[in-house]
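A structural walkthrough
Here is what each chain is made of, one letter per residue.
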Amino acid sequence: MTLLDIQDVSVSFGGVDAVRNVSLTVEEHQLLGFIGPNGAGKTTMMRIIMGMVRPQQGSVVFRGMDITGLSIHHRVQLGLALAQQIVKPLHTLSMLDNVAIAAGSRYMSSPLWAFLNTDRTQARKRARRLLEFVGIADAADAMPSELPLGYIKRMEVARSLALEPRLLLLDEPLAGLNQTEAHALADLIVSLVNATRSVLLIEHNIGEVSRICPQIYVQVNGEPLIQDTSEKIMASPALRNAYLGDH
Amino acid sequence: MSYEITILSSMSIAILFALSLNLITGFCGQVSLGHAAFYGIGAYVAAILTKAGWSLTLALFPAAVTAGAVGALVGMASLRVRHDFLAITTMGVGFLFVGIVRKQDALGGEIGISSIPSVAFGRPGLLMLAMICMALFIILCIYIRRSWLGFAFESISDDEDTARTFGIDVSKFKLLAFVIGTAGAGIAGGLYAHHIRFIGPDSFGFVESVTVLAMVIVGGIGSITGVAVAAAVLSTLPLWLQFVDDYKLLIYGSLIFLTMRFAPNGISGIVRALWQRHHSP
Ligand SMILES: Nc1ncnc2c1ncn2[C@@H]1O[C@H](COP(=O)(O)OP(=O)(O)OP(=O)(O)O)[C@@H](O)[C@H]1O
Ligand SMILES: [Mg+2]
């Protein structure tokens, strides 16, 4: 079953084609790796899926529904969540509350419902479990500004998981982590994929991507290059060229 | 006795007015430089109605509803613009209000409305009513801050783009903050009109908007206690020091500047810092 179906989307920013005629699908129960050199338009693709950027052309269908014109909060309510490359923690909240607020997303589906709900303990409990899950429970009460990037990146993953998404979009979650931490988080990402959850994973750490993702999609200069099993991709000269050509 | 009653009434009204702006600017992070317009709307609506024979208690409802409805319209503008542009937009609304009222004969034009009826039980009656309204609004603020509505406001105030990624419909929440805040200002305005018993367009100009913003900023943006204390103190300043009344814009403007520059979290921030210093080993 197809969970996400992107058809022929294009986005340009003031003449720069960030994404050009890209079609991409994510199946249910899939962990799809998404790689490409800097400026390939990977983040832009994620932003198109989330509704932060409107494609000038093409369509995005999620769970059989055309969501091309839908606003971000509706997409989140439908089961999309994004852990962003550039993490923006809420600086007035502790790490725990940064996750707890996402864990209580359903309380904030409307202002009236939010007004009527006061209990934060459930959300905090779930937030603490998620912080444990990504291995940063020790920083639960710290403020984001006191912590290194590796913590913030994992908090962002926990925060997106708190939304209980059907499709989890991860934009370079391993950045800022050391090798051991990256390895551990990569294993956790594998464990997230199940009958009701798929993951689309952008990573520059190609070692980890090829280790955990059965399938990899490669995009270069805003255009799709190849999509295949990770063995074939890693052996492909096209991939080498793409990276060497760009650097 | 009557002097104390007068002072306590102005304090209660100022606290209500300042907390109503605090809900918009402090809780939800939306700057407003035209909040006096909603104070004015409430004042005019309530004054016209009591002159037509309504009791003030009853008249405060339409005052709140009218101010809140106009607040919703201004809130719509907040959905399009951010920060400094919002400040300019709301400032424009403030000038627009004064400009329109000046030209309305039905509202007394330049002269305004005088001999506004006194309320039942006179000055003590007004004080009671003002204190009840203030207390209810304080309770509302405390409740909102504890609720998920307050949590959502906090995230919008911090970073609305991030708030969206939690599934928050930012526009609806901002609108609600404007509606509650401006309705609160409407009630404060209705009380003010019956406290002073004379209102004119100049009672609700830019100076008043800056004054109430100073109360919020000096108290500590978002802090209920801090803002209430600042409002109580700053509202009585002109009564004790004549020169404050003469140089309002200068003094309140400087207060805003100095607080922003040297103690961005206002009184509440200073108190918290002292407390922490005192209680940390
Ligand atoms: N908001 C924007 N305004 C203007 N140009 C943009 C914007 N966002 C992205 N771009 C441009 O679009 C292109 C693709 O950017 P994008 O961030 O999607 O690449 P990426 O594959 O995520 O790169 P990286 O690996 O460095 O994160 C780049 O040339 C970038 O400069
Ligand atoms: Mg990127």
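Conventions adopted
- One numbering rule holds for all chains: residues counted from 1, following each sequence as written.
- For this description, chains carry letters from A and ligands carry numbers from 1, given in the order in which they are written.
- Confidence filtering applies because this is a predicted model: local features only for residues at pLDDT of at least 70, side-chain atom pairs given and counted only at 80 or more, and all residues used for totals across whole chains, interfaces and linings.
- Only DSSP runs of H or I with at least four residues qualify as helices, and only runs of E with at least two residues qualify as strands; both kinds are numbered from the N terminus onward.
- Between the two quantities, the radius of gyration covers C-alpha atoms and the globule rule is 2.2 Å times the number of residues to the power 0.38.
- To sort residues by exposure, count the other C-beta atoms lying within 10 Å of each residue's C-beta; 20 or more gives buried, 12 or fewer gives exposed, and values between give partly exposed, all with C-beta atoms placed from the backbone.
- The contact criterion used here is simple: two residues whose C-beta atoms, placed from the backbone, lie within 7 Å are in contact.
- The quantity known as pLDDT measures the predictor's confidence residue by residue, on a range of 0 to 100.
- Throughout, the edges of the domains are those of an automatic or database domain assignment.
- Basically, the charged four are Asp, Glu, Lys and Arg, the nonpolar ten are Ala, Val, Leu, Ile, Met, Phe, Trp, Tyr, Cys and Pro, and anything else, Gly included, counts as polar.

**Re the overall build of chain A**
Counting secondary structure elements, chain A contains ten helices and ten strands. For a compact globule of 247 residues, the expected C-alpha radius of gyration is about 18 Å, and chain A comes in at 18 Å, within 12% of that figure. Taking the principal axes of the C-alpha coordinates as reference, chain A spans close to 55 × 40 × 35 Å. Residues counted as buried form 45% of the 247 residues belonging to chain A. Long-range contacts, defined as pairs at least 24 residues apart, comprise 65% of the intrachain contacts of chain A with a sequence gap of at least 6.

**Some details on the confidence of the model for chain B**
Residue and element names in this part refer to chain B. Scored by pLDDT, chain B comes out at a mean of 92, with 99% of its residues at no less than 70. Predicted confidence in chain B is weakest over helix α11 (residues 242-246), with a mean pLDDT of 75, and strongest over helix α2 (residues 36-51), with 97. Scoring of the predicted complex yields 0.92 for pTM and 0.91 for ipTM.

**Focus on the environment of alanine 175 of chain A**
Residue and element names in this part refer to chain A. By the element assignment, alanine 175 lies in the loop between β7 (167-171) and α7 (179-192). Given 17 C-beta atoms within 10 Å, alanine 175 falls into the partly exposed group. It is 8.0 Å that separates the C-alpha atoms of alanine 175 and histidine 204, two residues lying 29 residues apart in sequence.

**Details of the domain arrangement of chain A**
Residues and elements named next belong to chain A. Partitioning chain A into domains gives domain 1 (2-79 + 165-246) and domain 2 (92-162). For domain 1 and domain 2, the distance between their C-alpha centroids amounts to 25 Å. Each partner contributes to the interface: domain 1 provides 13 residues, whereas domain 2 provides twelve residues. For the side of domain 1 that touches domain 2, the secondary-structure elements that each account for two or more residues are α2 (72-78), β7 and α7. Tallied by class, the residues present in the side of domain 1 that touches domain 2 amount to ten nonpolar, two polar and one charged.

**Describing the interface of chain A and chain B**
On the side of chain B, 20 residues touch chain A, which itself brings 22 residues to the contact. Those elements that provide at least two residues to the side of chain A that touches chain B are α2, α3 (95-103) and α4 (111-116) of chain A. Considering every element that reaches the side of chain A that touches chain B, the biggest residue donor is α2 of chain A, with four residues. A class-by-class count of the residues in the side of chain A that touches chain B yields twelve nonpolar, nine polar and one charged.

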